[in-house]
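Structural description and commentary
Next come the chains, spelled out residue by residue.
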Amino acid sequence: MENFIEKRIKDSFARQTAMTTIGASITGVEQGEVTIELPFRSDLTQQHGFLHAGVVTMIVDTACGYAALTRMPASAAVLSVEYKINFLSPAEGEKLIARGRVLKPGRALTVCFGEVHAIKGGQEKLVATMLATMMTREETGLAD
């Protein structure tokens, strides 16, 4: 049975049309940690055939944001306020797995770390890392 946090995260994720558009899905929700997977699609690539850096950034930013939300009060929403991403290898393979986790929760700001791995031929390769700061905001009736 899904717990409250997992249901909250999945319901919010379902309202993100950008994630639906690129075909991403949540595959794991734990306290302080979220995993998002994205199957490779040629329409999401850049000129060299690798998944576009913007797409890679989208999924790891979202994983970090939802990881932060798991540590926030039920009345809170989350917004990204800053991140730094390092691209370590080309994003190519059958799918990408983005994992976000909370490094330091806070009342106003939460610091997260994210990784993106590409799966190719059964092997997992690190392609990007992210350090992100997420802001806790009071829910105003808008989507999380």
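Higher on the page you've got the structure.
Our subject in this report is the structure included herewith. (Residues numbered from 1 in each chain as written. Predicted model: local features only at pLDDT ≥ 70, side-chain atom pairs only at ≥ 80, totals over all residues. Heavy atoms only, no water.)

A word on helix α1 (residues 4-14)
- Every buried residue of α1 is listed here: E6, R8, I9, S12 and F13. For α1, the angular spread of the buried residues around the axis is 165 degrees, confining them to a single face. Exposed and facing more than 90 degrees away from the buried side of α1 are F4 and A14.
- Check the buried side of α1 and you find it contacts α2 (17-22), β1 (25-30), β2 (33-39), α3 (53-69) and β3 (76-87). (Buried < 20%, exposed > 50% of the residue type's maximum accessible area, 1.4 Å probe, protein only. Helix = DSSP H or I, 4+ residues; strand = E, 2+ residues; numbered from the N terminus. Arc of directions from axis to C-beta. Contact = heavy atoms within 4.5 Å.)

What about the pattern of salt bridges?
- Counted under the stated rule, the structure contains six salt bridges.
- The residue K7 makes a salt bridge to D11 at a minimum N-O spacing of 2.6 Å. You can see K7 and its partner D11 sitting in helix α1, four residues apart, about one turn around the helix.
- A salt bridge links E124 to R99; the shortest N-O distance between them is 3.0 Å. Of this pair, E124 sits in strand β6 (residues 123-138) while R99 sits in strand β4 (residues 95-104), placing them 25 residues apart in sequence. (Salt bridge = Lys/Arg side-chain N within 4 Å of Asp/Glu carboxyl O.)

Things to note about the side chain of T136
- Mapped onto the fold, T136 is located in strand β6.
- The exposure class assigned to T136 is buried, which follows from its relative accessible area of 19%.
- Those residues in contact with T136 that lie beyond four places of it in its chain are M72, A76, A77, G106, R107 and A108.

Regarding the side chain of E37
- Its location among the elements puts E37 in strand β2.
- Within the local environment of E37, its side chain forms a polar contact with the side chain of K95, the two groups lying 2.9 Å apart.
- Sequence-distant contacts of E37, defined by excluding residues within four places in its chain, comprise G23, A24, S25, T27, K95, L96 and I97. (Polar contact = N/O pair within 3.5 Å; in protein donor to acceptor, adjacent residues only side chain to side chain.)

Things to note about the sheet that holds β2
- Read from one edge to the other, the open sheet built from six strands follows the order β1-β2-β4-β5-β6-β3, with strand pairing classed as antiparallel. Edge positions in the sheet fall to β1 and β3, since each has one partner strand and no second. Put simply, the sheet's adjacent strands are angled 25 degrees from each other on average, direction ignored.
- Pairing analysis gives nine bridges linking β4 to strand β5 (residues 109-120), with the strands arranged antiparallel. Bridging across to β5, R99 finds its partner in E115.
- Docked against the sheet, α1 engages β1, β2 and β3, running at close to 155 degrees with respect to β1. (Pairing = 2+ DSSP bridges. Axes fitted to C-alpha atoms, helices over the stretch in contact; angles between N-to-C directions.)

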